[in-house]
Amino acid sequence: MIAVNKETFQAEVKDTGGLVLVDFWSESCESCKALMPDVEALAEKYATQVKFAKLDVAKARRLAIGEKVLGLPTIVLYKDGEKIDEVNKDDATAGNIEAMIQKNL
Amino acid sequence: MEKTYDVVIIGAGPAGLAAGIYSGRSLLKTLIIERSKTGGQAVVTNEIDNYPGAEGEETGPTLIAKMVKQAEHFGVERVADEVVDVDFEGDLKKVTCNKGEYQAKAVIIASGAFPRLMGCRGEAEFTAKGVSYCATCDAAFFEELEVYVVGGGDSAIQEALFIARFARKITIIQNLPELTAAKSMQKKAFDNPKFSFVYNSVVEEVKGESGLLDTIIIKNEQTGELTEFNADPEDGTFGLFVFIGLVPRTDVFEGKIAMDRGYIPTDENMRTNVPGVYAVGDCRIKPLRQVVTAAADGAIAAVHAEKYIEGGE
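So, how was this worked out
- Along every chain, residues carry numbers that run from 1 in the direction the sequence is written.
- Chain A is the first chain written and ligand 1 is the first ligand written, with later ones labelled in order.
- Two thresholds apply to this predicted model, a pLDDT of at least 70 for residue-level local features and 80 or more for giving and counting side-chain atom pairs, whereas whole-chain, interface and lining totals are computed over all residues.
- Side-chain descriptors were evaluated using all non-hydrogen atoms of the structure, hydrogens and water having been removed beforehand.
- For each domain, the first and last residues come from an automatic or database assignment.
- Two residues qualify as a contact provided that any one of their heavy atoms is within 4.5 Å of a heavy atom in the partner residue.
- Reported buried area values correspond to the accessible surface (1.4 Å probe) lost by two parts on association, with both partners' losses combined.
- By the criterion applied in these results, polar contacts are pairs of N or O atoms within 3.5 Å in which, for protein atoms, one can donate a hydrogen and the other can accept it, and in which residues neighboring in sequence qualify only through two side-chain atoms.
- As a working rule, the residues Ala, Val, Leu, Ile, Met, Phe, Trp, Tyr, Cys and Pro are called nonpolar, Asp, Glu, Lys and Arg charged, and the rest polar, with Gly in that last group.
- Working definition: helices are DSSP H or I runs of at least four residues, strands are E runs of at least two. Numbering for both runs from the N terminus.
- Strand pairing is assigned whenever DSSP detects at least two bridges linking the two strands.
- Angular values range over 0 to 180 degrees, each being the angle between N-to-C directions of two axes fitted as lines to C-alpha atoms, with helices fitted over their stretch in contact.

### As for the domain arrangement of chain B
Residues and elements named next belong to chain B.
Point 1. Domain boundaries in chain B define domain 1 (3–114 + 246–309) and domain 2 (131–242).
Point 2. Each of domain 1 and domain 2 has a C-alpha centre, and the two are 33 Å apart.
Point 3. At the junction of the two partners, domain 1 supplies four residues and domain 2 supplies seven residues.
Point 4. Here domain 1 meets domain 2 over a buried area of about 470 Å², counting both sides, of which 40% is carbon and sulfur.
Point 5. Per-residue buried area on domain 1 facing domain 2 is highest for Val44, Asn46 and Glu47; these three make up 81% of the total on that side.
Point 6. For the interface between domain 1 and domain 2, the tally reads two residue pairs in polar contact (both at pLDDT 80 or more).
Point 7. In terms of residue class, the side of domain 1 that touches domain 2 is built from one nonpolar, two polar and one charged.

Pasting the structure below:
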């Protein structure tokens with residue numbers, strides 16, 4: 001799982017072909033930090049099929065709002081740079097994230 | 001494979017952690033199961049002004065971190081998993097989770113509560129798109145933007161004061177003719193020039209053109225009058241934070257123990273109607289839901305669970 005920021009988001013996510021999953025998180029979001037180990041585990045499991053990235057929105061607030069993310073945690077799945085699916089808040093569980101990945105593989 | 005414990009605690013908020021500290025300190029083999037974030041509602045609360053000893057720089061996360069450290073010091077195990085079924089019938093209670101199954105001589109339910117929804121049109125669609133129930137998670141998105149806060153109780157005003165550190169303007173939408181928060185907190189809000197107040201009103205609908213929240217329609221319940229708030233076109237969006245009470249997270253216990261409108265009745269020793277099963281914190285029927293009362297519940301339940309395990313009650 002790679003960390004992306006407002007400088008690298010375009011190249012690593014929007015200009016990347018195939019599936020890219022982005023974990024929008026921040027240090028002040030306790031739910032995000034609780035969820036992160038589950039996302040890391042999914043990153044290992046789907047390493048060959050999906051690129052996993054995390055974006056700290058505290059340093060990329062405008063970028064997040066531009067991606068229509070106004071609440072944490074939000075997990076977005078991109079395909080060929082286009083947002084195709086997301087889960088957020090209470091729905092952002094390991095099970096739901098994996099279901100979203102499998103639905104779009 | 002099933003693992004067997006003396007005490008399994010469901011939920012790692014202040015009630016569950018306090019139960020863990022007491023149970024671990026009594027040398028009982030103790031497991032705390034948490035589905036999501038350790039610390040429950042307290043860990044997403046910035047100010048914990050009224051918990052004894054938590055003065056000065058103490059916040060929800062710092063206080064919870066200390067409780068976790070204390071529980072671990074007493075040998076309490078913790079696992080991140082969600083309880084999907086329970087069987088309280090035998091002497092050994094069974095707790096089934098997504099990833100594993102556990103057995104325990106006593107179970108302490110500390111499953112807490114989650115924020116009540118408004119129930120208005122558009123609410124689900126705009127959650128995490130402008131509608132939020134967690135200030136510490138999302139307030140920073142609204143730096144220099146406008147924010148509406150639904151509710152007039154302690155939580156609503158306390159969280160609104162936190163959001164005001166970021167937002168340029170706060171509008172409180174309260175369904176009653178006045179606020180119900182503690183007077184000291186009300187004064188802070190009334191004295192803050194960023195605050196304005198709308199009374200006797202509820203949110204009727206939330207909308208947004210571009211996928212983000214940009215319109216809130218409220219209804220005055222006394223006059224029936226509808227008022228529409230629109231985001232400043234330069235901002236494009238605004239926030240709507242909802243703090244209108246809680247709903248107990250007890251679905252999984254339905255039919256397994258006595259319940260009353262989702263809450264678990266207990267006696268003053270935290271016993272439910274099933275011997276060896278206790279309920280603590282916000283999920284039980286009680287007059288005051290605070291960190292201090294949650295911690296006290298946990299202590300009482302752990303002490304009685306120990307007596308129960310030793311055959312004393």
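What follows continues from the structure just given.
### Brief notes about the interface of chain B and chain A
Point 1. Across the contact, 24 residues belong to chain B and 21 residues belong to chain A.
Point 2. Summing both sides of the interface, chain B and chain A together bury roughly 1800 Å²; the carbon and sulfur share of this comes to 56%.
Point 3. Applying the counting rule to chain B against chain A returns ten residue pairs in polar contact (both at pLDDT 80 or more).
Point 4. Of all the elements, helix α3 (residues 135–138) of chain B adds the most residues to the side of chain B that touches chain A, at three residues.
Point 5. Class assignment of the residues belonging to the side of chain B that touches chain A gives a composition of ten nonpolar, seven polar and seven charged.

### With respect to the sheet that holds strand β14 (residues 226–230) of chain B
Residue and element names in this part refer to chain B.
Point 1. Across the sheet, which stays open at both edges, the three strands sit in the order β12-β13-β14 with antiparallel pairing between neighbours. Edge positions in the open sheet fall to β12 (201–207) and β14, since each of these has one partner strand only. The average undirected angle you get between the axes of adjacent strands in this sheet is 25°.
Point 2. With six bridges connecting them, β12 and strand β13 (residues 215–220) associate as antiparallel partners. Bridged to valine 202 within β13 is lysine 219.

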